[in-house]
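# Coordinate analysis (summary)
Spelled out, the chains give:
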Amino acid sequence: MCRHLAYLGPPVSPAELVFGAPHSLLHQSYAPADMRDGGTVNADGFGFAWYSGGTPVRYRRASPIWTDDDAPVLAGSVRSGAFVAAVRNGTVGMPLAEGACAPFVDGPWAFSHNGRVTGWPGSLTALAGKLPVADLLTLEAPTDSAVLWALLRERLRAGEHPVQAVTDLVLRTERAAPGSRLNLLLTDGETLVATAWTHALSYRVRDGAVVVASEPTDPGPDWTPVPEGHAVVARAGAADLIPLDADRSALS
């Protein structure tokens, strides 16, 4: 069911977490430790996006990350204070295409979904039916992740607080499609929101940086598991946990 990670902090190369760490995203693509019955290998594409001048620059491919000789070179050639990366294990029946691979981007936002929506596509019909027709006709791929991104993107464009938008989307989707796996990750390069909903998620705060990942990228003792049904909200050097059903009406 995919693996993803994000970083906020002093500028570094994405190559370390994506390719160089002991349990890097590359390693998680073929030897994941905690997929929770969501598949065994993440070979259906990958992507990463780093921030340059406040805007994400993206690289995606529909092939396994270990087959791409250019990706490590590209990741090692840049330094950024924020980046997102993901490897994909496509749900049976959904297309294997570059457009189906996270991260999805729009303006300052980068988004990834680790999981699946049960009962797809019928379970999302009511929620998706409220989207502008143009958004549905221009989805990057006919997948549950792309529809979730369209739903979230509409709320962000309307000015909704990102924590409110992400957590409400998880709860609304769960009501529409009970049993869904909804680990969402969203950042604008300054704030990061990630949810733990039926899948593993951990975070680390160290040296003014925050890393959020499906699985710890190394065996260090400073990783904190995100409890089921919670979100981690992070900025460079700090992270907080909130229950997804908490009252967020006072967010500013």
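Fair warning: this is a prediction, and the values are worked out from it, not measured in the lab.

## Describing the state of the cysteines
Within the structure shown, the criterion is met by 0 disulfides. Free of any disulfide, cysteine 2 has its nearest neighbouring cysteine sulfur in cysteine 101, separated by 8.5 Å. Residue cysteine 101 is classed as buried on the basis of its relative accessible area of 0%.

## Brief notes about helix α7 (residues 162-176)
In an α-helix there are 3.6 residues to a turn, and that puts residues three or four apart on one side. When the terminal C-alpha atoms of α7 are compared, their 21 Å separation across 15 residues agrees well with the 21 Å that a helix rising 1.5 Å per residue should span. In terms of burial, α7 is a largely internal element, 12 of the 15 residues being buried. Those residues of α7 that fall on the buried side of the exposure criterion are Pro162, Val163, Gln164, Ala165, Val166, Thr167, Asp168, Leu169, Val170, Leu171, Thr173 and Glu174.

## Considerations on the side chain of histidine 113
Along the polypeptide, histidine 113 turns up in strand β6 (residues 109-116). A residue is classified by how much of its surface remains accessible, and histidine 113, at 3% relative accessible area, is buried. At a separation of 2.7 Å, a polar atom in the side chain of histidine 113 contacts the side chain of serine 145.

## Digging into the packing of aromatic side chains
Scanning the model with the defined rule gives 7 aromatic pairs in all. Centroid distance phenylalanine 46 to tyrosine 59: 6.1 Å. Interplanar angle 45 degrees. Geometry classified as tilted. Note that phenylalanine 46 is positioned in strand β2 (residues 46-52) and tyrosine 59 in strand β3 (residues 55-61), a separation of 13 residues in sequence. Each member of the pair, phenylalanine 46 as well as tyrosine 59, carries the same accessibility label: buried. Arranged with centres 5.7 Å apart and planes meeting at 40 degrees, the rings of phenylalanine 48 and tyrosine 59 form a pair that is tilted. Here phenylalanine 48, found in strand β2, pairs with tyrosine 59, found in strand β3; they are 11 residues apart in sequence, far enough to count as distant. Tyrosine 59 matches phenylalanine 48 in its accessibility class, with the two residues each being buried. Members of the aromatic cluster, each reached through a chain of ring pairs, are Phe46, Phe48, Trp50 and Tyr59.

## Topic: the sheet that holds strand β13 (residues 238-243)
The sheet built from 6 strands is open, its strands ordered β5-β6-β7-β8-β12-β13 with antiparallel pairing. The open sheet has two edge strands with one neighbour each: β5 (104-106) and β13. On average, adjacent strands in this sheet sit at an angle of 15 degrees to one another, irrespective of strand direction. As judged from the 3 bridges shared by strand β7 (residues 181-187) and strand β8 (residues 191-196), these two strands associate in the antiparallel manner. Paired with leucine 186 across the two strands is valine 193, which belongs to β8. Running over the sheet, helix α6 (residues 144-157) touches β5, β6 and β7 and is turned about 140 degrees from β6. Across the sheet, α7 touches β6, β7, β8, β12 (230-235) and β13, and the angle it forms with β7 is around 165 degrees.

Procedures and definitions
- Residues numbered from 1 in each chain as written.
- Predicted model: local features only at pLDDT ≥ 70, side-chain atom pairs only at ≥ 80, totals over all residues.
- Heavy atoms only, no water.
- Disulfide = S-S within 2.5 Å.
- Buried < 20%, exposed > 50% of the residue type's maximum accessible area, 1.4 Å probe, protein only.
- Helix = DSSP H or I, 4+ residues; strand = E, 2+ residues; numbered from the N terminus.
- Expected span 1.5 Å × (residues − 1).
- Polar contact = N/O pair within 3.5 Å; in protein donor to acceptor, adjacent residues only side chain to side chain.
- Phe/Tyr/Trp six-rings, centres within 6.5 Å; stacked < 30°, edge-to-face > 60°.
- Pairing = 2+ DSSP bridges.
- Axes fitted to C-alpha atoms, helices over the stretch in contact; angles between N-to-C directions.
- Contact = heavy atoms within 4.5 Å.

Note that all results are geometric; they support no functional claim without further evidence.
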